[in-house]
Amino acid sequence: MKIKEYTLELAGRTITAVFSDLADQAHGSVMLKCDNTVVLATAVMSKDGNNNPGFFNLTVEYLEKFYASGSILGSQYNRREGRPSDKAVLASRVIDRTIRPLFEHHIKNAVQVVVTVIALGDCDPTILGINAASLAIAVSDIPWNGPVGAVHVGRLKGVPDTGINLYVAPGGEPQYDLDLTVCGREGHINMIEALAFEIPENELGDAFDLAVKHITILETFQKQIVSDIGKTKKIFAVPTVTDDIKDLFHAHIEKSMMTDLFGTESKKMIHGLEDKWNELVAEKYGADEKNKELLATAKDYFSNEVDAFLHKGALEENKRADLRTMDQVRSLEAIAGGLSTSLHGSGIFYRGETHVLSVLTLGGPADTYMQEGMEVRGEKRFMHHYNFPPYSAGETGRLGGINRREMGHGFLAEKALWPVMPNKLDFPYTIRVVSESMASNGSTSQASICAASIALMDGGVPISRPVAGIAMGLMLDTTSHKNYKILTDIQGPEDHYGDMDFKVAGTRVGITALQLDIKVDGIPPEILKESLLQAKKARLEILDVMEATIPKPRADISPKAPKILVLKIRPDQIGMVIGSGGKTVNAIREDTGAEITIEDDGTVYVTGKEGGAEKAKKIIEEMTHEYVPGERYEGEVVKIIEVGAIVKIGMQAEGLVHISEIGSFRVNRVTDVLKEGMRVPVKVVGVDKERNRISLSIREADKDFIKNPYPPAIPTPPKPTPPPEQ
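Residues numbered from 1 in each chain as written. Predicted model: local features only at pLDDT ≥ 70, side-chain atom pairs only at ≥ 80, totals over all residues. Heavy atoms only, no water.

Asker: With reference to specific residues and values, describe the packing of helix α6 (residues 266-285) against helix α7 (residues 292-317).
Answerer: Between α6 and α7, whose axes approach to 11 Å, the crossing angle comes to 150 degrees. In terms of their interaxial angle, α6 and α7 are classed as roughly antiparallel. Viewed along their axes, α6 and α7 form a crossing whose handedness is right-handed. Seen from α6, the contacting residues are I270, L273, E274, W277, V281 and Y285; seen from α7, they are L294, L295, A298, K299, F302 and V306. When its residues are assigned to classes, the contact of α6 with α7 shows 10 nonpolar, no polar and two charged. (Axes fitted to C-alpha atoms, helices over the stretch in contact; angles between N-to-C directions. Helix = DSSP H or I, 4+ residues; strand = E, 2+ residues; numbered from the N terminus. Parallel < 35°, antiparallel > 145°, perpendicular 65-115°, else oblique. Left-handed = near helix turned anticlockwise from the far one by under 90°. Contact = heavy atoms within 4.5 Å. Nonpolar A, V, L, I, M, F, W, Y, C, P; charged D, E, K, R; others polar.)

Here is the structure:
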């Protein structure tokens, strides 16, 4: 094996890039190591552009291998890796969003980047995977405007100093209040993914600066490697737009641009112009296979011209596609509940032509989502799922299954809402919110955050504060990066033709989630900081509308939701409650209809409806009750013995009433006063924990309860006194 290694010290840790002939059929490959985490990244470009789907054909796959964590996972009947885990899907999206803007999109050849986690140590494989993907493409012959660097910035709760952190990003209930991934190049940022616990805008801006500083170190490291072993890049000529196409466009389309692209119906007008253009091109050139390239060029030319006109309108005339001001939010409407009493909670949110319905479902602890993957294993009690049916965009299409975009949008909203969710002890429910995109014209993901917040409050989930999201856009002069316009609440054309989609979610206190996607090669941090402040203004405006509809969570959950009761038992009592083979706990379930979940620390969650939960809780409390002297009960005599009676006072507890404790008189035989099945009042007079014995008393509970069955003794007449002797 031929090996060449390069090392870098970053934030106190060593990163090693290993180049070998291990995967030498790939056009570019590298093995990146840090703190015992090892990832392999490969990049391959297809030989030709045949079967091109009509857009730049990039696919990114992030593969988790169970062996990386030293585990044999899967089902009993299948031990192979199955579908990607949720984390793997998100990692694939993060890598894709980072590298995609740096490709020339006129290239028709397919490009595939595969990142495989070989070993899982202390370094986050996602962060390492982004850097590995960058290096694999950079040293290959695939045209690309990289490299890029990626870092994770984490901050411990209560610690004001932000520090670079290459370790695994926090999840679940982290000790961090900031989990920020930043990617970029040449001092600019091109991808952000963040979970924040209501952090102010200025503090996140400082984190951006720190990230860029370390990204520059990574970028320099990669450039040195490329200069040493990088291959010569292939050249793909930009398709030439013929004068005939330009003349056709100028004669029939260009004159309508400024009037049709800017107005309240801009999205519809753009589609109309595109249809007209396609008809003109097809009429002039035909739709023969031999004209395929020319038709594709004409289509790209139209898109580029629309892009140029929208940029010109914003940068030179301060004009947006739908004629709003740059910081103006579209019309807002919020509705809490009212759909059906069968639902546990619901919320509807309108922002312009974007409409989202969110529905809440509450379940017991047994309804948690069990995660089992290379990195993440355990229970998940809060889930947000997002659906984007074709009709929401006025289209037809395939239904069923879920794509990466839907998963990504769902997780973004989940991340935004997590910092305000109640803890399990205060609210032990499993919480699922499903957001349905009903109509889409820009950023349904952020509308989902708003609708989901409303649904949670409508359902009585005690979130600390509502969360709202807004998508920020950008029209940028890429020649200087100095002339730009930040757009609040981007809609269709601005999303499609703009340079940035910066999703910002948060509460009145601070930011809870960020996600940045761009179409240019990078955004200066200062523009992003300005965008955060402009987004805050919009977020507060949205929160005003939401809180006017429902100011806080309802006091009670829906009567249709299950009731959860919590009690605590000693860990050594768990076995008693469960019983041999689960016999005892299953009997309680069958008797009450309640679901019972017992945790290792002795916390018991009882979930049920219509009195079942209360009944099951009472049974368990009686089973596990620790008796103390002085307690009084009514019990059943279950056995008579020579020295007393055995009285049952709970589900399983029994005590001895000694013969001397039965009545306030002397009892000759127990059977004289007590019978099996008899109900008697008792008082606990002694507890022997070591011998597990309870002493009871009837006479101390009620001295007159047992009547004296014996007839009174006949008094003996006194003996006569003999006369005195004479």
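Asker: How would you sum up the packing of helix α8 (residues 404-417) against helix α9 (residues 444-458)? Please name residues and give values.
Answerer: Two numbers describe how α8 lies on α9: the axes approach to 9 Å, and their chain directions differ by 50 degrees. In terms of their interaxial angle, α8 and α9 are classed as oblique. Our pair here, α8 against α9, has a crossing hand that is right-handed. Note on element contacts: α9 touches α8 through T444, S445, Q446, I449, A452, S453 and L456, opposite R405, H409, L412, A413, A416 and L417. For the contact of α8 with α9, the residue count by class is seven nonpolar, five polar and one charged.

Asker: I'd like to hear about unusual backbone geometry, residue by residue, with values.
Answerer: Cis geometry is adopted by the peptide bond preceding P147, which originates at G146 and carries an omega value of 5 degrees. The residue P147 is located in the loop between α2 (125-139) and β7 (149-156) in this model. The backbone phi angle of N318 is positive, close to 55 degrees, even though this residue is not glycine. Under the relative-accessibility criterion, N318 is labelled partly exposed at 48%. One non-glycine residue, N692, adopts positive backbone phi at about 55 degrees. Structurally, N692 is set in the loop between β28 (679-688) and β29 (693-697). (Buried < 20%, exposed > 50% of the residue type's maximum accessible area, 1.4 Å probe, protein only.)

Asker: Would you mind going over the pattern of salt bridges in detail, with residue names and values included?
Answerer: Tallied over the full model, the rule gives 45 salt bridges. Where R97 meets D517, a salt bridge forms, and the shortest distance between an N and an O atom there is 2.4 Å. With R97 in helix α1 (residues 86-99) and D517 in strand β21 (residues 511-518), the pair connects residues that are 420 residues apart, well separated along the chain. Under the relative-accessibility criterion, R97 is labelled buried at 10%. Note on D517: relative accessible area 19%, which makes it buried. (Salt bridge = Lys/Arg side-chain N within 4 Å of Asp/Glu carboxyl O.)

Asker: Describe the nonpolar core, listing the residues and the values that go with them.
Answerer: V113, I192, I431, F502 and L514 are the most contacted members of the largest nonpolar core, which totals 126 residues. Core analysis: the next-biggest nonpolar cluster, separate from the first, contains 28 residues, F249, L261, F262 and F309 among them. (Core = buried A, V, L, I, M, F, W, Y, C linked by side-chain atoms within 4.5 Å.)

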